[in-house]
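# Architecture at a glance
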Amino acid sequence: MAYPHLTINLDKIEHNASTIVGLCQKHAIAVTGVTKGVCGFPAVAEAMLRGGVISIGDSRFENIKRLQAAKVETEIMQLRLPPLSGVDETVTLADVSLNSELPVLEALSEAASRRGQVHDVMIMVDLGDLREGIMPGDLHGFIGSAIKLAGIRIVGLGANLACFAGIVPSEDNMTQFVELATAIEDAYGLSLRWLSGANSSGLDLIAAGRMPERINHARIGEAILLGRETVHRSPLPGTAQDAFVLHAEVLELKTKPSIPVGERTQDAFGKRAIFIDRGKRLRALLNIGREDVDVEGLMPVDPRVTVLWGSSGYLAVDVADLSGSLRVGDKLSFVPNYGAILTAMTSEYVKKRPLRGGAAPDS
Ligand SMILES: *Cc1c(COP(=O)(O)O)cnc(C)c1O
């Protein structure tokens, strides 16, 4: 296997999914597994499905196509708002999409009707995180217009928190969400099948038994991939935090001053890295860089290794505490955070190595 590569422990992902599905089930909440963090990697979707998620959500057409090309048998939820220019793809690729714009709903309705279909939609409500969604005060009018469209069916309301502004899901905003839904149902004689109130940031509230009862759906990505809720990023009981491990090779190993020599300007990315003078230190250059991974999101597996900086093609790490035991050509491993997984999965230079039952099915 070439380096750098990312190992993906499918058993751990399945286990994490099953733990989280179990937790949510106790509170009558169904879980859609979200694969956008792994670019719709089909084996990850399959692991989530074995773990009990009811469907798969992803944000990009390319990822959904990847899932379908691999014959992953499940319903697909399109998470990112459909573009007006892509309504045909949405109605053909997704079983349900999340929406917040009337012109798009009109176009989805037409696209679905042309195919003799009815396309399911969830309407997104903005509870204060200021990402996608209709402001609560505008919801009534919006639903009043959307409900007239023959080619779509409103199957629920959704809310997304802790994504853009980092607003934490609370009993308050979740109760407000339920009240909005109830008011809509009463006003339009609708029966909303899904109140999709949570992503990974809602798991604490769910575990504490404080999620209002009517909320019956969650869209979970990071917590399944990394075993952490996303408010405090604390490990979730009974889950693994190291399903993904990035491995890179030592290209250069030299003792060098820990602060640069000579007049300093910006680096290749227009930034100035901070150097701390620790005297001369043993330093390794690895064959992975900013072009491949969000280097700030890498946690060395060996606590004696410290990440220093990254250029487009190199990662510099302090390995003074490994003097004598590390050689050129050796490999170092890192546990990536969500942003680092996302970037590494997107980089074609990082090979992906799924592992199952302790073995690699396609190494
Ligand atoms: C990415 C995304 C999710 C999943 O969020 P996690 O924090 O990874 O659980 C859920 N809903 C929507 C709309 C998303 O875009």
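Refer to the structure presented above.
This write-up is about the structure you can find in this document. The residue numbers shown here count from 1 along each chain, following its written sequence. pLDDT decides what is reported in this predicted model: residues at 70 or higher carry local features, side-chain atom pairs at 80 or more are listed and counted, and totals for whole chains, interfaces and linings draw on all residues regardless. Calculation of side-chain values draws on the structure's entire complement of heavy atoms; hydrogens and water are dropped beforehand.

### Examining the overall build of the protein chain
Helix numbering and strand numbering both begin at the N terminus, where a helix is a DSSP run of H or I of at least 4 residues and a strand a DSSP run of E of at least 2. Within the protein chain one finds 10 helices and 16 strands. Every radius of gyration here is taken over C-alpha atoms, with the globule rule written as 2.2 Å times N^0.38, N being the number of residues. The C-alpha radius of gyration of the protein chain comes to 23 Å, within 12% of the 21 Å expected for a compact globule of 363 residues. Dimensions along the principal axes, computed over C-alpha positions, put the protein chain at roughly 75 × 40 × 40 Å. In this scheme, a residue with accessible area under 20% of its type's maximum is buried, one over 50% is exposed, and one in between is partly exposed, where area comes from a 1.4 Å probe on protein chains only. The proportion of buried residues among the 363 residues of the protein chain is 50%. Contacts were defined at the residue level, with two residues in contact if any of their heavy atoms lie within 4.5 Å. Taking contacts inside the protein chain between residues at least 6 apart in sequence as the whole, the part at least 24 apart equals 65%. Averaging the positions of the 37 positive and the 43 negative side-chain charges in the protein chain gives two centres separated by 7 Å. Residues scored as positive are Lys and Arg, those scored as negative are Asp and Glu, and His as well as the terminal groups of each chain are ignored. Here the site of a charge means atom NZ of a Lys, CZ of an Arg, CG of an Asp or CD of a Glu.

### Some thoughts on the pattern of salt bridges
Salt bridge, as used here: a side-chain nitrogen of Lys or Arg that lies within 4 Å of a carboxyl oxygen of Asp or Glu. All told, the structure shown has 15 salt bridges when counted by the stated rule. One salt bridge connects Arg 114 with Asp 88, and the closest N-O pair in it is separated by 3.1 Å. Here Arg 114, found in helix 5 (residues 102–114), pairs with Asp 88, found in helix 4 (residues 87–93); they are 26 residues apart in sequence, far enough to count as distant. Owing to a relative accessible area of 57%, Arg 114 belongs among the exposed residues under this scheme. One salt bridge in this structure joins Asp 318 and Arg 278, with 3.8 Å as the shortest N-O distance.

### Details of the environment of Ile 274
Considering the arrangement of structural elements, one finds Ile 274 in the loop between strand 10 (244–257) and strand 11 (280–286). With relative accessibility at 76%, the residue Ile 274 sits in the exposed group.

### Observations concerning a nonpolar patch on the surface
Each patch is built from residues lacking any salt bridge and having more than 30% relative accessible area; the joining distance is 9 Å for like charges and 5 Å for nonpolar side chains (Val, Leu, Ile, Met, Phe, Trp, Tyr). Method for areas: the Shrake-Rupley scheme with a 1.4 Å probe, in which residue coverage is limited to the protein chains shown. The grouping of Leu 130, Met 135 and Phe 164 at the surface amounts to a nonpolar patch, some 340 Å² of accessible area in total. For Phe 164, the location among the structural elements is in the loop between strand 7 (152–159) and helix 7 (171–188).

### Examining the packing of helix 6 (residues 139–146) against helix 7
With their axes 11 Å apart at the nearest point, helix 6 and helix 7 run at an angle of 45° to one another. With respect to helix 7, the element helix 6 is oriented oblique. For the pair helix 6 and helix 7, the crossing hand works out as right-handed. Mapping the contact onto sequence places Leu 139, His 140, Ile 143 and Gly 144 in helix 6 and Leu 180, Ala 183, Ile 184, Ala 187 and Tyr 188 in helix 7. Grouping the constituent residues of the contact of helix 6 with helix 7 by class yields 7 nonpolar, 2 polar and no charged. A fitted line through C-alpha atoms serves as each axis, taken over the contacting stretch for helices, and the angle formed by two N-to-C directions is quoted from 0 to 180°. Oblique is the label for any angle not covered by the other classes, which are roughly parallel (under 35 degrees), roughly antiparallel (over 145) and roughly perpendicular (65 to 115). Left-handed describes a crossing whose near helix is turned anticlockwise from the far helix by less than a right angle; the clockwise case is right-handed. Each residue gets one label: Ala, Val, Leu, Ile, Met, Phe, Trp, Tyr, Cys and Pro are nonpolar, Asp, Glu, Lys and Arg are charged, and the others, such as Gly, are polar.

### Concerning the state of the cysteines
Two cysteines form a disulfide when their sulfur atoms are joined by a covalent bond. Disulfides are defined as cysteine sulfur pairs within 2.5 Å. Tallied over the entire structure, the rule returns 0 disulfides. Unpaired in this structure, Cys 39 has its nearest cysteine sulfur neighbour in Cys 163, at a distance of 16 Å. According to the relative accessible area criterion, Cys 163 is partly exposed, its value standing at 41%.

### A few points about helix 2 (residues 42–50)
Among all positions in helix 2, only Pro 42, Val 44, Ala 45, Ala 47 and Met 48 are buried. One or two residues past the end of helix 2 sits Gly 52, with phi positive at roughly 110°.

### Observations concerning the environment of Arg 283
Along the polypeptide, Arg 283 turns up in strand 11. With a relative accessible area of 14%, Arg 283 lands in the buried category. Residues within four places of Arg 283 in sequence aside, it is in contact with Glu 252, Leu 253, Lys 254, Lys 256, Leu 308, Trp 309, Ala 316, Val 317 and Val 319. Among the polar contacts made by the side chain of Arg 283, one reaches the side chain of Glu 252 at a distance of 3.2 Å. A 3.5 Å cut-off defines polar contacts: any pair of N or O atoms within that distance qualifies, except that in protein one atom must be a possible hydrogen donor and the other a possible acceptor, and neighbouring residues in sequence count only when both atoms are side-chain atoms.

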